[in-house]
Protein chains: 2
Amino acid sequence: MNLHVRRATIADVASAAGVSKATVSRFLNHREKLLSPDIAARVEAAVAQLGYSPSPMAQALSRGRSRLIGLIVADITNPYSVAVLRGAEKACQDAGYLVMLFNLGNEPGREQEAIQALAGYQVDGFILNTLGRGSGVVDAMATQGKPAVLVDRRHVGMHADFVSLDNRAAVQQACEHLLDGGWRELLFVSEPLKGVSTRRERAAAFSACMEAHAKAARGEVFESEEGDDEGLQAALQALHRRAQRRKGVRAAVLAGNAVVTLRVARAVASLGWQFGQELGFVGFDDPEWASLIGPGLSTIAQPTDEIGRTAARCLIERLHGLEGPPRQSLLPGELKVRGSSAAGA
Amino acid sequence: MNLHVRRATIADVASAAGVSKATVSRFLNHREKLLSPDIAARVEAAVAQLGYSPSPMAQALSRGRSRLIGLIVADITNPYSVAVLRGAEKACQDAGYLVMLFNLGNEPGREQEAIQALAGYQVDGFILNTLGRGSGVVDAMATQGKPAVLVDRRHVGMHADFVSLDNRAAVQQACEHLLDGGWRELLFVSEPLKGVSTRRERAAAFSACMEAHAKAARGEVFESEEGDDEGLQAALQALHRRAQRRKGVRAAVLAGNAVVTLRVARAVASLGWQFGQELGFVGFDDPEWASLIGPGLSTIAQPTDEIGRTAARCLIERLHGLEGPPRQSLLPGELKVRGSSAAGA
DNA sequence: TTGTATGCGTTATCAT
DNA sequence: ATGATAACGCATACAA
């Protein structure tokens, strides 16, 4: 059985139908205009019979557009990124685009490399969920001159559409839920803020919220370094002590993302505490295991799928020629109440 | 600031260096042979000055090879798939290949579509982690005539390299660990076996292992349907009763993958049981949250990264011209012992 | 050793 | 309405 059955080309179709390549191409691309019925029928038959489909590569070369979208993701290991990626990829496919994936593996220096590589394949645009430190990307983007949409993390000075969770509203909702439940001594635990916009926004919103409720509640921010389990435990104990000094006040943590949630859960286990008892808890992101830890961990679920689809749609609109200033889509989160934030007496 | 700064082409370099396109091309591809020092220097300078890099698309069209690898994954939501994908993508990048991702979203019918789409972009080969039901893929592969490597799931009759966990050895290790700990009434809980090779292999290995220890232990297999929580709970209760009928014997579950682990954990919570007490447990896959459920869930960790890298390397070897019959790489799992399988009295 | 010409599979601009 | 023909950016067989 001959393996290398060369894919049929437009030339094959042309000769099979007894017409010129140009005619075949017209039949394929501008079917409605300029068509003589019998010729159209002959071409159609030839196409069907040879199972012909045009080569996207050749089309890309000729048209300058590839129907390819470059998706650069900071860390494919991060379930959040994957969830977004999933939504984006689906939307792209539905719109007839294919996704080329480039995983940075958390190495910031590779942003340039990624953009170069993807641009080489003539991707029509980019969906970027990158680290966002430094703005090297800005110039590269401008250089390549292709539209891009940023997901979850802003890039300073970058002139592009942006889609993300509405962090401010989500933080506010979480805080008020905790306060309503009688948790009055709060700690926002985040990965190191550095330049990461999402983390900063959440931390800032937390602080603002605490100030607004300064009479009833107190709150601090703790940056948890990877591997520094002792530091986190110490911070939780300090939190607990602060709460005890104020009679009848209970302490709770707001975790900045699922990675932090995991760390906090480990620390709580080490300390022998129970969620919902010694420590209240709400965390960003809603991993499938949240309901299985202790009495269930309350979370703020992100509409990851919707974020991905929105990003893809934004980009595709640009590809279709939409002009105008950068747009911003902030999607609402959903608070999932579980045992870890149960209201106290 | 002019945006559409057309990428420099080989023609630009040629005229800048005052030579022909062919010379530039030769300088790029066959640097060692056929080189006159001064010309080489001029070309090199021109390349550097214009920041020229060849268009992979045009190269692909001309060469018939694209340095692209198509990665088809059954379900991007599955952390196992992602972990493998990560290893594979890294290995590909290291070897100078880019990955085009196609997510099936668990829709079996899209395998063909995926292969067609990817083949259109002239991918040099495929890494397949697909559903594996039916063998429609076989013909398509043969048709496209490109090498492929299967990950985790075999395709019946498919003539291709295969890499996966050594399921038989892993099951055996898990069973013996449980038996050593005094867990003598076992239940293997799997997603519906259907035609999925991994599930069948694990179930078969479990049954074989139980027969081998028939004097001391008993085991059954349960297929857990998505959403059928009652069925699973009933199966666990039946298991428990069987154990009680044999004085002093304790019951344990071996879960076929992380999805099942989650279901079992939910059921155990519903029943008010404690892992390590009323029910022993070992599960395939080692999610990050395994240590946080109850006393910690014992697991069999797969070398996902290594599986991915191996798959990529296999494929790339084929791309480099390696001939010969399909190869098979079975990588060892690692048993992580935690509280859920603690030895009894 | 270097340049010319052709092909890769399409699209698009001309004539016809 | 249809057919040559020239791009698109690159590689290469062949000629010089």
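If you're wondering where the values come from, they're calculated on a predicted model, not measured in any experiment.

## So, the packing of helix 1 (residues 10-17) of chain B against helix 2 (residues 21-29) of chain B
Residue and element names in this part refer to chain B. Where helix 1 meets helix 2, the axes come as close as 8 Å, and the angle between the chain directions of the two elements is 105°. As far as their axial angle goes, helix 2 and helix 1 are roughly perpendicular. Together, I10, A11, V13 and A14 of helix 1 and K21, V24 and S25 of helix 2 make up the contact between the two elements. When its residues are assigned to classes, the contact of helix 1 with helix 2 shows 5 nonpolar, 1 polar and 1 charged.

## Notes on the interface of chain B and chain A
Facing 46 residues of chain B, the contacting portion of chain A comprises 46 residues. Together chain B and chain A conceal approximately 4,200 Å² of surface at their shared face, both sides included; 65% is due to carbon and sulfur atoms. When the buried surface of chain B facing chain A is broken down by residue, B:M57, B:Y121 and B:L292 rank first, second and third, together holding 17% of it. Across the chain B-chain A interface, the total number found is 0 salt bridges. One can count 8 residue pairs in polar contact (both at pLDDT 80 or more) joining chain B with chain A. Within the residue set of the side of chain B that touches chain A, elements represented by two or more residues are helix 4 (56-63), helix 5 (79-94), strand 2 (98-103), helix 6 (110-120), helix 7 (136-144) and helix 11 (258-271) of chain B. A per-element tally of the side of chain B that touches chain A places strand 2 of chain B first, with 6 residues. Taken together, the residues of the side of chain B that touches chain A sort by class into 27 nonpolar, 12 polar and 7 charged.

## Overview of the pairing of strand 7 (residues 218-223) of chain B
All names here are of chain B. When strand 6 (residues 183-190) meets strand 7, the two strands line up parallel, connected through 6 bridges. Looking at the pairing, L187 lines up with E220 of strand 7. Considered for its hand, the β-α-β crossover made up of strand 6, helix 9 (residues 197-212) and strand 7 is right-handed.

## Some points on the protein's contact with DNA strand C
Around DNA strand C sit 26 residues, and of these A:I10, A:S62, B:T23, B:S36 and B:I39 come closest. In this structure, a base oxygen belonging to DNA strand C sits 3.4 Å away from a side-chain N or O atom of A:K21. Between A:Y52 and DNA strand C, the recorded distance is 2.9 Å, taken from a side-chain N or O atom to a phosphate oxygen. At the level of secondary structure, the elements contributing two or more residues to the surface near DNA strand C comprise helix 2 (21-29) and helix 4 (56-63) of chain A together with helix 2 and helix 4 of chain B. When the residues that make up the surface near DNA strand C are grouped by side-chain class, the tally is 11 nonpolar, 12 polar and 3 charged.

## A closer look at the pattern of salt bridges
All names here are of chain A. With the rule as written, the count across this model stands at 37 salt bridges over all chains. Across the salt bridge formed by E220 and R218, the nearest N and O atoms sit 3.3 Å from each other. Linked through salt bridges whose partners overlap, the residues forming this network are E185, R218, E220, R242 and R246.

## Digging into the environment of A:N167
Residues and elements named next belong to chain A. Checked against the element boundaries, N167 lands in helix 8 (residues 167-180). With 45 residues separating them along the chain, N167 and Q122 place their C-alpha atoms 34 Å apart. Once you skip the residues sitting within four places of it in the chain, N167 turns out to touch T198, E201, R202 and F284.

Cut-off values and rules
Residues numbered from 1 in each chain as written. Chains lettered and ligands numbered in written order. Predicted model: local features only at pLDDT ≥ 70, side-chain atom pairs only at ≥ 80, totals over all residues. Heavy atoms only, no water. Axes fitted to C-alpha atoms, helices over the stretch in contact; angles between N-to-C directions. Helix = DSSP H or I, 4+ residues; strand = E, 2+ residues; numbered from the N terminus. Parallel < 35°, antiparallel > 145°, perpendicular 65-115°, else oblique. Contact = heavy atoms within 4.5 Å. Nonpolar A, V, L, I, M, F, W, Y, C, P; charged D, E, K, R; others polar. Buried area = accessible area lost by both parts, 1.4 Å probe. Salt bridge = Lys/Arg side-chain N within 4 Å of Asp/Glu carboxyl O. Polar contact = N/O pair within 3.5 Å; in protein donor to acceptor, adjacent residues only side chain to side chain. Pairing = 2+ DSSP bridges. Right-handed = clockwise from strand over helix to strand, strands pointing away. Near = heavy atom within 4 Å.

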